[in-house]
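An overview of the molecular structure
The residues making up each chain are set out below.
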Amino acid sequence: MTSRVRPGRWLLAVPMSLLALATIYPLVFTANVAMKTRREYILDRFSLADALRWENVATAWNSVGMARYLANSVGTVTAAVVLLLLFGSMAGFALSQLRFRGSSALFLGCLAALFVPFQVIMVPLNRIMADAGLVDTYPGLVLAYVAQFLPFTIFLMTSYYRTIPTEIVDAARIDGNSVYGVYRRIMLPLGAPALLSVGILDALFCWNDVLIALLLMPSTEHRTLMVGVTSLRGQYSADIPTFASGVLIAAIPVLVIYLFLQRQIADGVAAGSTKG
Amino acid sequence: MKQRAVWPAILVAALVLGGCGSASGTRSSPGGSDAKLVVWDWKSGEPTAAQYIEKAKADFARKHPGVTVEFVAQPHDQYYTLLGTAIQSGKGPDVILFNGGGQIRDRVDALLPLDEYVAEDRQRLAGWDAFTKDGKTYAGPVTLQGHPIYYNRSLYEKAGLDPAKPAATWPEFVANCAAITKRTGTKCFALGNKEGIGIQFFLSAFGSGVLTPQEYDAWIAGKRDWTSPHVKRIFALWKETQDAKLNSDGPNSTAMFNDAFALFQSAKASHVIGLMSDIGHWKDFGEFLTADKVGVMRAPVVVPGATPSLPFDGGIGYGVARWTRDPKLAADLVRSLTSTDALTAFHTQAGAIAADTTIDVSQGGPAVTTIVADLASGKPALHVALSSRTLDLMGRVSQQLLSGSITVDEAVRQLAASDQAG
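The structure presented is a predicted model; accordingly, all values stated were derived computationally and were not measured. (Residues numbered from 1 in each chain as written. Chains lettered and ligands numbered in written order. Predicted model: local features only at pLDDT ≥ 70, side-chain atom pairs only at ≥ 80, totals over all residues. Heavy atoms only, no water.)

Below, the discussion takes up the sheet that holds strand β8 (residues 149–152) of chain B. Residues and elements named next belong to chain B. Spatial ordering of the open sheet is given by β9-β10-β8-β11, a layout of four strands whose pairing is mixed. Each edge of the open sheet is held by one strand with a lone partner, namely β9 (187–189) and β11 (294–297). Averaged over all pairs of adjacent strands, the angle between their axes in this sheet comes to 20 degrees, without regard to strand direction. Alignment of β8 against β11, held across four bridges, turns out to be antiparallel. Bridging from a neighbouring strand, Asn152 pairs with Val294 of β11. Each of β8 and β10 (269–273) touches helix α10 (residues 256–265); the most contacted strand, β10, lies at about 140 degrees to it. (Pairing = 2+ DSSP bridges. Helix = DSSP H or I, 4+ residues; strand = E, 2+ residues; numbered from the N terminus. Axes fitted to C-alpha atoms, helices over the stretch in contact; angles between N-to-C directions. Contact = heavy atoms within 4.5 Å.)

If you want it as structure tokens, here you go:
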């Protein structure tokens, strides 16, 4: 018995494949350029690299101290995402399930904060952080990330928790749970798919940030990985193969996480889409 | 009770974890202190600036052995945004690198005038005007930046032309280009105008071959006559080079930096309007063109009576922040960063045309010798005198000119209106 593929599927598969290719191509191009010599790149940037050369990756890794920057990024992003998920889920639960005066205004305030560009708050943030002695410290950067991305996290978690029937919370309260007990025993497990999606998005936001880290971490040794990659560029110029190697180094942790968590990520996005 | 303690414990652990990291590093002093000076730039992280920075640090350490200097290399594309935040917060570095011209003049309120500290360096260094506003100097020049017309001497030889005698007039130049294209198949100009920068370089590189000396000086002094037929001739020339197929293919989709210079150095074009420092200069082409194969020519005369000259200004320079605690100390660091020893290293390693006119450049090859010799009769670049708004507009109309969607008269009319609006 042979399985027949419906023509409709082919019609869908072709554009989707093209879309996938367009998404993957920049990464393939970057990896290819990273393997080239500067001479090879100047002569023809689109040709395949003659050989797998890892010298550029080694140069990028060693020239600006990427190992230190990688550790800085992993530490700050992990701490920021933990706090974001903690506060975001608590706020989302409160705003969606608990009845209290001003909850709508509070939610609208979070929404409004999403529309404020970071450039607008750069000066006051820098002043506050400097006065609090938090400039050039990891807690300072973590707090800034939490402040910057918390409105988004709250918005998504609130939207998700609103899809959970209020009766579940009421039943749990009747069973003797405190508000904290409802949050921990009911809302956190039910919110796991959304927390995973939001956590991945928050991690990507923090990981890819350049401006906040540049502003608040002026010391060279405190820089994050993306700032390290950016510093491989000059005013006009860059050794493009080395720069591409830096981009590749920065992308690898994200790719590894995706490879290990792709099932959960897909489930999380799907859960969010059907319930949100 | 146990469960209630879990979340606060996680929170505290996360913050402690973050705090541990910072405790292990050296904390910089954003505002500087008596024992430490913080420098912001975008150069100190580049390998070709390593010796320059080391020499400057050594010179400063000899004069002030107890003072620490920390260089913080910022990415250039975010540099002025970060600096603007530091200036508005009043908390930032002690010594700051600037591009000459508008970038520093727009920020002099945050800087200390350095005239009393750099008096001894006045004669030795060139390019001060780019760091001066209302008669006060705000930075010590490190490099000079200009727009020589480079040519590939090998291609001249292959075409049967004498590389020692580049064209002196526009008709000669066009004839030379035709000969090179016929014999070697290469285009005349490597042009990148994707960001609209190509026209700026073109205006400055060819302007002195079109405008009379009086018109040129008036332009720099701010008395620009956009209705002059000579000004229109420059923009007509820009269009003609495209129509005559002198330019490399697709200039409006080719980036100037990296791409257009790559075309020149890989011998896909015989000429390029380059730079004197940073990129696109004699040493930057070295991977493909050895120094003796790079020639420099003055603008060919287009209009009789014009006197071609090298367009150049101060390139980059270090200034001192107004909030620094010890201005003399910071100014001493600027002097170390502009010392002959340090700038010699910068010239040798990076190929930059340093602001120090006493440096021996005889080992640099014919191109750098010609450039340095031309500095004496050189003049400020025409495009540097324009506002950034007019330059942006010029970038747009230049693309429209190349694509044929606007006339020269209309382009010049729009530019005049923008320039007069200030």
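Moving on, we get to the pairing of strand β2 (residues 68–73) of chain B. With five of six residues buried, β2 of chain B lies mostly within the body of the structure. In this view, the connection linking strand β1 (residues 36–41) of chain B to its parallel neighbour β2 of chain B by way of helix α2 (residues 50–63) of chain B has right-handed handedness. (Buried < 20%, exposed > 50% of the residue type's maximum accessible area, 1.4 Å probe, protein only. Right-handed = clockwise from strand over helix to strand, strands pointing away.)

Residues and elements named next belong to chain A. Relative to the assigned elements, Ile249 resides in helix α13 (residues 240–275). The exposure class assigned to Ile249 is buried, which follows from its relative accessible area of 9%. Residues Ile249 and Ala60, 189 residues apart in the sequence, show an inter-C-alpha distance of 8.5 Å.

Another point: the domain arrangement of chain B. Often the size quoted for an interface is simply the accessible area lost on bringing the parts together. Residue and element names in this part refer to chain B. By the assigned domains, chain B splits into domain 1 (36–143 + 314–369) and domain 2 (149–309 + 386–420). Computed from C-alpha coordinates alone, the two centres of domain 1 and domain 2 are separated by 30 Å. Contact with domain 1, which involves 14 residues of that partner, is made by eleven residues of domain 2. Across the domain 1/domain 2 interface, buried area totals approximately 940 Å², and carbon plus sulfur atoms make up 59% of it. The tally of links between domain 1 and domain 2 comes to one salt bridge. Inspection of the region where domain 1 meets domain 2 yields five residue pairs in polar contact (both at pLDDT 80 or more). For the side of domain 1 that touches domain 2, the secondary structure elements donating two or more residues are α12 (340–350) and α13 (366–374). In terms of residue count, α12 provides more of the side of domain 1 that touches domain 2 than any other element does, four residues in total. (Domains from an automatic or database assignment. Buried area = accessible area lost by both parts, 1.4 Å probe. Salt bridge = Lys/Arg side-chain N within 4 Å of Asp/Glu carboxyl O. Polar contact = N/O pair within 3.5 Å; in protein donor to acceptor, adjacent residues only side chain to side chain.)

Of note in the backbone geometry, Asp136 of chain A takes a positive phi value of approximately 65 degrees without being a glycine. Of note, Asp136 of chain A is situated in the loop between α6 (118–131) and α7 (138–161). The backbone phi angle of Ala267 of chain B is positive, close to 60 degrees, even though this residue is not glycine.

The next thing to look at is the UniProt feature "transmembrane region" (unreviewed entry) in chain A. Residues and elements named next belong to chain A. UniProt records the feature "transmembrane region" (unreviewed entry) at residues 69–93, 105–125, 137–157, 194–220 and 240–261, using the numbering of this structure. Secondary structure across residues 105–125 divides into 81% helix and 0% strand, with the first and last C-alpha atoms of the span separated by 24 Å. When the span residues 194–220 is considered, its composition is 78% helix and 0% strand, and the gap between its end C-alpha atoms is 36 Å. (UniProt positions renumbered as here; feature names shortened; annotations may be inferred.)

Residues and elements named next belong to chain B. Inspection of the entire model under this criterion finds 24 salt bridges over all chains. Between Asp249 and Lys187 there is a salt bridge, with the nearest N and O atoms lying 3.8 Å from each other. Placement of Asp249 in the loop between α9 (229–243) and α10 and of Lys187 in strand β9 is noted, with a sequence separation of 62 residues between them. A relative accessible area of 62% means that Asp249 is categorised as exposed. A salt bridge links Lys232 to Asp409, with the nearest nitrogen and oxygen atoms 3.4 Å apart. Of the two residues, Lys232 is situated in helix α9 and Asp409 in helix α15 (residues 408–421); the sequence distance between them amounts to 177 residues.

Residue and element names in this part refer to chain B. The terminal C-alpha atoms of α15, which comprises 14 residues, lie 20 Å apart, in line with the 20 Å expected from a rise of 1.5 Å per residue. Of the residues making up α15, those classed as buried are Val408, Ala411, Val412, Leu415, Ala416, Ser418 and Asp419. Across the axial projection of α15, the buried residues extend over an arc of 165 degrees, all falling on one side. For α15, the exposed residues lying more than 90 degrees away from the buried face are Gln420 and Ala421. Where the residues of α15 are buried, they touch α9 and α14 (388–403). (Expected span 1.5 Å × (residues − 1). Arc of directions from axis to C-beta.)

What follows deals with the confidence of the model for chain B. Residues and elements named next belong to chain B. Mean pLDDT over chain B stands at 90; residues scoring 70 or higher make up 92%. Taken together, the stretch residues 1–5 has pLDDT below 50 and engages in four contacts with residues farther than four places along the chain or on a different chain. Within the model, pLDDT remains below 50 along residues 11–33, and this stretch shows 43 contacts once partners closer than five positions in the same chain are excluded. Interface confidence for the predicted complex, given as ipTM, is 0.74, next to a pTM of 0.80. (pLDDT = per-residue confidence, 0-100.)

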